[in-house]
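This is what each chain is made of:
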Amino acid sequence: MKQCDRRRFLMAVGAGVASVPLSSLVSSRTALAQDLPLVDPADPVAVALEYVEESPDETELCSNCILYTDQEAEEQGPCAVFPGKSVKAGGWCKSWVLRP
Ligand code: SF4
């Protein structure tokens, strides 16, 4: 590929990426967080970690846990302990660690 062709190609790719509206990226992220199935509290890992959908302590919540990986997810969001699943923002388990 000639240098001029490569430059044109890179500019076209860059323009394509730049033309993706920021709002669509944000809504995709939100859709992903909401599309993840909720962890079943009866799941063996959830039971082992004593996961509950409603924390008994209002200062220790999934939403302020370092393992809650989407800080903007309001109702439910992904947790590093449960890949491919979401947990309730107001939930808790014994792996809870306060996000600094
Ligand atoms: Fe909630 Fe944190 Fe336990 Fe995940 S590790 S379930 S975010 S308390």
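Provided above is the structure to which this section pertains.
The present account deals with the structure reproduced in this document. Note that the structure is predicted; figures quoted are calculated from it, not measured.

A short note on the pattern of salt bridges
Considering all chains together, one arrives at one salt bridge under this definition. One salt bridge connects Lys 94 with Glu 50, and the closest N-O pair in it is separated by 3.7 Å. Separated by 44 residues along the polypeptide, Lys 94 in the segment after β2 (82-88) and Glu 50 in the loop between α3 (44-48) and β1 (76-79) bring together distant segments of the chain.

Considerations on the site of the ligand
Around the ligand, the neighbouring residues are Tyr 51, Cys 62, Cys 65, Leu 67, Tyr 68, Cys 79, Val 81, Phe 82, Val 87, Cys 93, Ser 95 and Trp 96. Of the residues contributing to the shell around the ligand, the split by class is 11 nonpolar, one polar and no charged.

Topic: the pairing of β2
In this structure, β1 lies alongside β2, joined through four bridges in antiparallel fashion. Across the sheet, Gln 76 pairs through a bridge with Lys 88, a residue of β2. A loop of two residues connects β1 with β2, the two strands running antiparallel in sequence.

Calculation notes
Per-chain numbering applies: the sequence of each chain, read as written, is numbered from 1 onward. For a predicted model such as this one, the threshold for reporting local features is a pLDDT of at least 70, and the threshold for listing and counting side-chain atom pairs is 80 or more; totals across whole chains, interfaces and linings nevertheless cover every residue. The basis for the side-chain values is all heavy atoms of the structure; hydrogens and waters are excluded. The term salt bridge refers to a pairing of a side-chain nitrogen on Lys or Arg with a carboxyl oxygen on Asp or Glu at a separation within 4 Å. Helix and strand assignments follow DSSP, with helices taken as H or I runs no shorter than four residues and strands as E runs no shorter than two, numbered in order from the N terminus. Residues are labelled near a given molecule or strand when at least one of their non-hydrogen atoms is within 4 Å of it. Side-chain classes follow a simple rule in which Ala, Val, Leu, Ile, Met, Phe, Trp, Tyr, Cys and Pro form the nonpolar group, Asp, Glu, Lys and Arg form the charged group, and the remainder, Gly included, forms the polar group. Two strands qualify as a pair provided DSSP detects at least 2 bridges between them.

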